[in-house]
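Structural overview
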Amino acid sequence: MAFMNVGLSTLGMDKMSRFKVLKPHIVAFIKHMTLKKINNFIRAEINRIFKRKVLNSYPYILKIESTNICNLKCGFCYNSRRTPRTGERAYGRMSFENFKKIVDEVGPYLFKINLYGFGEPLLFDETFDMVKYATQNNIGVGISSNMNINRPDLTQKIIDSGLEVLIFSCHGATQESYSRFMGKGSMNLALNNIKALIKEQRRLKLKTPLTDWQFCVTRFNEDEIPLAEKKAKEIGINQIRFLIPDLPEKAESEWFSNLFPKRSDVLKDAVGCSWVYRSAYINYDGGLLPCCRDTRLLTNDFGNVFRDGFMNIWNNQKYQGSRELIANPTQPIKCKIMCQKCPAAGFKER
């Protein structure tokens, strides 16, 4: 099933695991349905099927990065958190007012916002305000967090915000393997925060947020999969996913699990892309990208939503060029775009 690019977010999973990932999207679709959203959804899917370059529809799911600042230093993430170079995006965070502008413009078409990118969204209080504002506007919100946050009000903040899905990034079931992947983080702190959240959910008899443990599998943690499954069940986490991490080819062999092929090998067989019809990625500074594959280079931006407005970018020359590439990867295009070197869409760098 190609719905919302579920294939690329569930590499290495069996059919049941893939359905578990897709389920929250289905729930958000039903829960936040309106006639306007359904009409836009149908238009978007027709545009995708016919591979049109100018759309009469808008995204029905957005990925918005509230910040690219993080409290951890995971292996290979964001180039090991090095200082940005000339032409690269600096570290920063989105203001609530700027987030509100996006929701006010595109919100009527959205079923869901994935409010995370290359940072830790729960570091800053405005993220909770963003979740609450989207929820008040009938949009489901998912967040990915390492939960390595030492603040007594974290559980209450999450519950009060109305968050629907919490992806718990924890790449190890022992502190040893966890530290090899996630650097200075404390697995016990993260697990205790998840335990506290689930305990409070049960006390209040709440079904949300759905807790989804995301475990990136490497050679040094693959033996801990049974232990992770056991811990997830004991804590009461709704589901656990074992993924192939997105690693550079030059990474040491210990980073590549024996259980899965390399992500790059899997992507070689990928054909087509639905991001430019269904979704988009907005950086904290308003930079709009077709997807989250390479967010650091400023030249990859298709425009800036705070300066230009989302709707004025959605059918601009770069977006039309990317859709033309998807329709016919061999044809020349008039502008240089990041899609020209994307293996997920089946293209090779020109």
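Here's a quick rundown of the structure. (Residues numbered from 1 in each chain as written. Predicted model: local features only at pLDDT ≥ 70, side-chain atom pairs only at ≥ 80, totals over all residues. Heavy atoms only, no water.)

1. Quick look at helix α8 (residues 187–204)
- In this model α8 runs 26 Å from its N-terminal to its C-terminal C-alpha over 18 residues, within 8% of the 26 Å that 1.5 Å per residue would give.
- Looking at the buried positions of α8, the neighbouring elements they touch are α6 (154–161), β4 (165–169), α7 (175–182), β5 (210–216) and α9 (225–235). (Helix = DSSP H or I, 4+ residues; strand = E, 2+ residues; numbered from the N terminus. Expected span 1.5 Å × (residues − 1). Contact = heavy atoms within 4.5 Å.)

2. Remarks on the state of the cysteines
- Under the counting rule described, the total for this entry stands at zero disulfides.
- Free of any disulfide, cysteine 70 has its nearest neighbouring cysteine sulfur in cysteine 74, separated by 6.2 Å.
- A relative accessible area of 25% means that cysteine 70 is categorised as partly exposed.
- Cysteine 273 takes part in no disulfide bond, and the closest cysteine sulfur to it belongs to cysteine 291, at a distance of 6.2 Å. (Disulfide = S-S within 2.5 Å. Buried < 20%, exposed > 50% of the residue type's maximum accessible area, 1.4 Å probe, protein only.)

3. Concerning unusual backbone geometry
- With an omega dihedral of 5 degrees, the bond running from threonine 208 to proline 209 counts as a cis peptide bond.
- Structurally, proline 209 is set in the loop between α8 and β5.
- The phi angle at methionine 147 is positive, at roughly 60 degrees, despite the residue not being glycine.
- Given the relative accessible area of 0%, methionine 147 is considered buried.

4. Looking at helix α2 (residues 35–49)
- The terminal C-alpha atoms of α2 lie 21 Å apart, and with 15 residues this matches the ideal 21 Å at 1.5 Å per residue to within 8%.
- One or two positions beyond α2, positive phi appears at lysine 51, with a value near 50 degrees.

5. Here we look at the pairing of strand β1 (residues 61–64)
- What you see with β1 is no split at all: Ile61 and Lys63 on one side and Leu62 and Ile64 on the other are buried throughout.
- Here three bridges tie β1 to strand β2 (residues 112–114), and the two strands are oriented parallel to one another. When the sheet's bridge partners are listed, lysine 63 is paired in β2 with asparagine 114.
- Alignment of β1 against strand β7 (residues 281–282), held across two bridges, turns out to be parallel. Following the sheet pairing, lysine 63 is matched in β7 by tyrosine 281. (Pairing = 2+ DSSP bridges.)

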